[in-house]
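Per-entry structural report
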Amino acid sequence: MKLQRMNRRALTLGALAVSGALALTACGSDDTGTSGSDSSASSTGAASDIACDDASGQILADGSSAQKNAIDAWVKQFTQACNGVQINYKGGGSGAGVTAFTQGTVAFAGSDSALEPEEIEASKQVCSGGQGVDLPMVGGPIALGYNVPGVDNLVLDAPTLAQIFDDKITNWNDEAIAKLNPDAKLPDLKIQAFHRAEDSGTTDNFTKYLIATTPDNWKYEGGKAWQAKGGQAATGSAGMAQQVKQNSGAIGYMELSYAKDLSVVAVDTGAAEPVQASVESATKAVADAKVVGTGKDLALELNYATKADGAYPITLVTYEIVCDKGNKSETLPATKAFLTYIASEDGQQLLADNDYAPMPADIIAKVRTTISELS
């Protein structure tokens, strides 16, 4: 169905209520490290409530394109308050961000996949006396945007999605699609399936969903690089959305905030009703995750096979990756101040205004504690 813009304030309060009610029980922490957060502040993350501390200079960062819209909104608020700081977030994809971080060319990176063991080991070369840690900051459903004339309420399930993206189902009036959409007038139209061209955490999470739910139909090992045959490539989340919008018969996967002008698939998970991609449905899915990181690392394991009512299974978490110790002295104050803001109540409220899901309460509390101890 066409993605509708909801009342921003209602969406924010609803998402935060879900976050609190469904907070992860895997860990808990006092709500610390939140200087600059004010529970009475507006959902726009008022610049007057941001603590700049000793922040100054330029921060270079790179990584997840999925969170780029969120980062842009945060940077606008933060730099209005801290006018001595410049933040340049490239958004070149999760793979590029992790590479830049392990090479020591950025202050922090965004990644839709937690660091692999070899990446953690590499980070020790740039984090003097420490290592890179994963801080879950942004939740988001991976929307399946499509362009099929005359079809506004498309339902697909894991097997059909796997076969579409593996070039096994090639036409929109295929019997498998028709069975899921008995009331739709499906055209005799070739499917154009788009995947990401570059290494992408969105690809990693989308294929993890397929591996977890329909291994008989998706026999690839997964990862940031696209492995299936066929289909067409698009660069970045914005590029993916543009290709789907421009090509009749197209379908592609992208973070929800990039799908504003597209029809999006409702996913049949086996729950009572097919689930739409939304802030609330993504937050429910994230709340079903488990913390698998150790120490200060807060990597999560998502349950892609969830059948909980209202939980959208194709959901990603974007991590901000930073050194727990050994950050460069010239960038640490600004990095710490910015991360403190985006993890604050105001920063997390801003996510829902931009079609992202705030982190569940217990998780973001632990993130705040870790940020406060960065050195």
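**What about the state of the cysteines?**
- Counted under the stated rule, the structure contains two disulfides.
- Across the disulfide from C52 sits C82; the S-S distance is 2.0 Å. Here the disulfide of C52 and C82 is left-handed, its torsion about the S-S bond being about -95 degrees. Pair noted here: C52 is in the loop between α1 (8-21) and β1 (57-63) and C82 is in the loop between α2 (68-81) and β2 (85-89), with a separation of 30 residues, a long-range link.
- Sequence-ordered numbering of the bonded cysteines in the protein gives a pairing of 1-2, 3-4.

**Overview of the pairing of strand β8 (residues 250-255)**
- Burial runs high along β8: six of the six residues are buried.
- Side chains A250, G252 and M254 of β8 all project onto a buried face; the interleaved residues I251, Y253 and E255 project onto the opposite face, where all are buried too.
- As judged from the five bridges shared by strand β4 (residues 132-146) and β8, these two strands associate in the antiparallel manner. Each residue of the ladder has a partner; that of Y146, found in β8, is I251.

**Topic: the packing of α2 against helix α11 (residues 345-353)**
- Two elements in contact, α2 and α11, have axes whose closest approach is 10 Å; the angle formed by their N-to-C orientations is 135 degrees. Compared by their axis directions, α2 and α11 come out oblique. Crossing handedness for the pair α2 and α11: right-handed. Here α2 contributes A70, A73, W74 and Q77 to the contact with α11, which in turn contributes G347, Q348, L350 and L351.
- When its residues are assigned to classes, the contact of α2 with α11 shows five nonpolar, three polar and no charged.

**Looking at the packing of helix α5 (residues 158-165) against helix α7 (residues 201-213)**
- Their axes nearest at 10 Å, the elements α5 and α7 cross at an angle of 125 degrees. As the angle between them shows, α5 and α7 are arranged oblique. Considering only the axes of α5 and α7, their crossing is left-handed. Contacts between α5 and α7 involve A158, L161, A162 and F165 from the former and F206, Y209, L210 and T213 from the latter.
- Its residues placed into classes, the contact of α5 with α7 shows seven nonpolar, one polar and no charged.

**Remarks on α2**
- Its 14 residues give α2 an end-to-end C-alpha distance of 20 Å, which sits within 8% of 20 Å, the value for a rise of 1.5 Å per residue.
- Of all the residues in α2, the buried ones are A70, I71, A73, W74, V75, Q77 and F78.
- Residues of α2 that are buried in the fold lie against β2, β4, α10 (332-343) and α11.

**Some details on helix α8 (residues 236-246)**
- Buried within α8 are the following residues: G236, S237, G239, M240, A241 and V244.
- Of the surrounding elements, those touching the buried residues of α8 are β4, β6 (192-196), β7 (232-234) and β8.

**Quick word on the environment of C52**
- For C52, a relative accessible area of 17% gives the class buried.
- Along the chain, C52 and P333 lie 281 residues apart, while their C-alpha atoms are 8.5 Å from each other.
- Setting aside its immediate chain neighbours within four residues, C52 contacts A81, C82 and A337.

**Things to note about the pattern of salt bridges**
- According to the stated counting rule, one finds nine salt bridges in the structure shown.
- In this structure, the salt-bridge partner of D261 is K245, at a minimum N-O distance of 3.7 Å. Here K245 lies in helix α8 and D261 lies in the loop between β8 and β9 (263-264), a separation of 16 residues in the sequence. Each member of the pair, D261 as well as K245, is classed as exposed.

**Here's the deal with the packing of aromatic side chains**
- According to the stated counting rule, one finds 11 aromatic pairs in the structure shown.
- Ring centres of W226 and Y253 lie 5.9 Å apart, and the angle between their planes is 25 degrees; this geometry places the pair in the stacked category. One end of the pair, W226, is in the loop between α7 and β7; the other, Y253, is in strand β8, with 27 residues separating them in the sequence. With respect to burial, W226 and Y253 carry one shared label: buried.

**Considering the side chain of T160**
- Mapped onto the fold, T160 is located in helix α5.
- A distance of 2.9 Å separates a polar atom in the side chain of T160 from a polar atom in the side chain of D157.
- Setting aside residues up to four positions removed in sequence, T160 forms contacts with I169, A176 and L180.

Basis of the calculations
- Residues numbered from 1 in each chain as written.
- Predicted model: local features only at pLDDT ≥ 70, side-chain atom pairs only at ≥ 80, totals over all residues.
- Heavy atoms only, no water.
- Disulfide = S-S within 2.5 Å.
- Helix = DSSP H or I, 4+ residues; strand = E, 2+ residues; numbered from the N terminus.
- Buried < 20%, exposed > 50% of the residue type's maximum accessible area, 1.4 Å probe, protein only.
- Pairing = 2+ DSSP bridges.
- Axes fitted to C-alpha atoms, helices over the stretch in contact; angles between N-to-C directions.
- Parallel < 35°, antiparallel > 145°, perpendicular 65-115°, else oblique.
- Left-handed = near helix turned anticlockwise from the far one by under 90°.
- Contact = heavy atoms within 4.5 Å.
- Nonpolar A, V, L, I, M, F, W, Y, C, P; charged D, E, K, R; others polar.
- Expected span 1.5 Å × (residues − 1).
- Salt bridge = Lys/Arg side-chain N within 4 Å of Asp/Glu carboxyl O.
- Phe/Tyr/Trp six-rings, centres within 6.5 Å; stacked < 30°, edge-to-face > 60°.
- Polar contact = N/O pair within 3.5 Å; in protein donor to acceptor, adjacent residues only side chain to side chain.

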